[in-house]
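Letter by letter, the chains look like this.
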Amino acid sequence: MAANAQGVAEAPFVWHPATTAEAVQLKASLGAEGVFAAGGTLLRTQWESGLAAMPNHLINIGAIVELQGLQLDVGSGRGSFGAMMTLSDIRTSPIVNTRFPLLTEAARSIAAPSIRNLATIGGNVLSMVGDSLPALLIYDPVLHWHDGSSGLEEPLSEWLSTAAAHPAWKERLLLSVSLTEPALDSNTKRFVAYHKVGRRDAFTPSVVTAAFSIQLDPDNRLRDVRLAFGGGQTIPHRLETVEQFLIGKPADKKIITEVYSMIVEHYEPKGDAFVPVSYRKKAAANLIASELWKAAR
Ligand SMILES: Cc1cc2nc3c(=O)[nH]c(=O)nc-3n(C[C@H](O)[C@H](O)[C@H](O)COP(=O)(O)OP(=O)(O)OC[C@H]3O[C@@H](n4cnc5c(N)ncnc54)[C@H](O)[C@@H]3O)c2cc1C
């Protein structure tokens, strides 16, 4: 952090670009000296905890109209969330609740209202461990970036699997996250659930976050199974081995018992000094087993 002659920390210079083109141009000229700031809630915690140094320049992207709001294409069931859409706006949007209910639940579970009024979906995604991620992963999410010269599209799951090792994305501006509503097959019923398990009920970091979406056909067989997990420092991901196993199987006691064991075997969360891996695995398996029981009743 820069300091003045009295040794007092100097605040960064804050730029206020009006367009995405201006924002990426600023980033290109400032390089590592300039950092995009959306709601600033994560950045602030990183500076305060010493995880990141306060940069000399902040590029405030809050005034860029192109990054705001939700565009919905009813025909394709595709929703495009501007990177600056706040978690409060997501939580209270009737459209989001109807089309992407897991995202509404996720937004409800994050921090407290005062933080959610500032915190954005873009910032939550780019934290790599945000509690919105398991919910987003259910809806075939795609990230839309501007890299300074052109637009780029990338499935969220691909970005999550490479982001830590390949930080080139830090030079880009995230424009939006697009989601697609799963199609509902005829004669099937859909069941969805989102759970965040923390060390207390509310305003708590997650230990395990799970998102679940299935369809049950008239013979009580499972279709279109989607399971995503995160929590703590675990990079959220879908559990495709378990999803594939479940497709076409009956939702009965034997299968639910097998799924519990499969999740314990295949889910690989990161543990810490307070909550070991074994607890996180069992919590994740219990959440999914209980949702399958509810759906099968
Ligand atoms: C008290 C408190 C409680 C919290 N609780 C939770 C919680 O329960 N669950 C949870 O998931 N998070 C939690 N957070 C973390 C944080 O609030 C969220 O992750 C939030 O969504 C981050 O969004 P932001 O807009 O504030 O991001 P910022 O802090 O502005 O940015 C975060 C990072 O993303 C980059 N960035 C942001 N937008 C863009 C963009 N469009 N293009 C390129 N780069 C960009 C920034 O450069 C920065 O590196 C909490 C934070 C606080 C302070």
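Residues numbered from 1 in each chain as written. Predicted model: local features only at pLDDT ≥ 70, side-chain atom pairs only at ≥ 80, totals over all residues. Heavy atoms only, no water.

Here we look at the sheet that holds strand β6 (residues 142–146)
On the basis of which strands lie adjacent, the open sheet formed by five strands has the order β4-β5-β8-β6-β7 and antiparallel pairing. Strands at the two margins of the open sheet, each flanked by one partner only, are β4 (70–73) and β7 (151–155). Each strand axis lies, on average, 20° off the axis of its neighbour in the sheet, ignoring direction. Where strand β5 (residues 78–82) and strand β8 (residues 173–180) come together, five bridges link them in antiparallel fashion. What sits directly across from F81, in β8, is V177. (Pairing = 2+ DSSP bridges. Helix = DSSP H or I, 4+ residues; strand = E, 2+ residues; numbered from the N terminus. Axes fitted to C-alpha atoms, helices over the stretch in contact; angles between N-to-C directions.)

Side note on the pairing of strand β12 (residues 234–238)
Note: strand β11 (residues 222–231) against β12, three bridges, orientation antiparallel. Counted as the bridge partner of G231 is T234 from β12. Hairpin remark: β11 followed by β12, antiparallel, with two residues in the connecting loop; positive phi at G232, about 60°.

Some thoughts on the environment of I235
Relative to the helices and strands, I235 resides in strand β12. With 107 residues separating them along the chain, I235 and M128 place their C-alpha atoms 6.3 Å apart. The residues contacting I235, other than those within four sequence positions of it, are M128, V129, L160 and F229. (Contact = heavy atoms within 4.5 Å.)

All quantities given are derived from atomic positions and should not be read as evidence of function.
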